[in-house]
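For reference, the chains in residue letters:
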Amino acid sequence: MPRVVVDVMLKPEILDPQGQAVANALPRLGVNDVASVRIGRRIEIDFTGEPDLDRAREIADKLLANPVIEDFTVRLVETDEPADARS
């Protein structure tokens, strides 16, 4: 059964202090080739029946994201995909 994934990110014009802190710490780890870092959230929604992307967009718009400062995307992924994107 597919899962709905909502990715929430600060809008590009909004300052991201968490991302800046990570970017500033990377040189101490020997990583010097990263220009910037932005921090966001991933929310996974499992519906009882077929996934409803319109309902997921409504949930994201009203509850999961602050539309004044955040953008979000909604997509389907297969549930057998790993929960993280590590290779």
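Everything numeric in this text was worked out from a predicted model, so none of it was measured.

### Observations regarding the environment of E70
Within the secondary structure, E70 sits in strand 3 (residues 70–78). Sequence spacing of E70 and N24 is 46 residues, and the spatial spacing of their C-alpha atoms is 23 Å. When neighbours within four sequence positions are excluded, E70 is seen to be in contact with V8, M9, L10, K11, R41, L64 and A65. Of the polar contacts made by the side chain of E70, one reaches the side chain of R41; its length is 2.8 Å.

### Details of the environment of P67
With respect to the helices and strands, P67 occurs in the loop between helix 2 (53–64) and strand 3. What makes P67 partly exposed here is its relative accessible area of 43%. Residues P67 and V8, spaced 59 residues apart in sequence, show a C-alpha to C-alpha distance of 9.9 Å. Beyond its immediate stretch of four places on either side in the chain, P67 contacts K11 and D61.

### Some points on the pattern of salt bridges
Within this structure, the stated rule accounts for 8 salt bridges. Ionic pairing is found between R41 and E70, a salt bridge with its closest N-O pair at 2.8 Å. Taken together, the positions of R41 in strand 2 (residues 40–45) and E70 in strand 3 put the pair 29 residues apart, joining distant regions of the chain. Under the relative-accessibility criterion, E70 is labelled buried at 10%. In this structure, the salt-bridge partner of R57 is D54, at a minimum N-O distance of 3.2 Å. Taken together, the residues R57 and D54, both in helix 2 and 3 residues apart, mark about one turn of the helix. For R57, a relative accessible area of 37% puts it in the partly exposed group. Where salt bridges share partners, they join R3, R42, E44 and D46 into one cluster.

About the thresholds
- Residues numbered from 1 in each chain as written.
- Predicted model: local features only at pLDDT ≥ 70, side-chain atom pairs only at ≥ 80, totals over all residues.
- Heavy atoms only, no water.
- Helix = DSSP H or I, 4+ residues; strand = E, 2+ residues; numbered from the N terminus.
- Contact = heavy atoms within 4.5 Å.
- Polar contact = N/O pair within 3.5 Å; in protein donor to acceptor, adjacent residues only side chain to side chain.
- Buried < 20%, exposed > 50% of the residue type's maximum accessible area, 1.4 Å probe, protein only.
- Salt bridge = Lys/Arg side-chain N within 4 Å of Asp/Glu carboxyl O.

Don't take any of this as a statement about function, it's just geometry.
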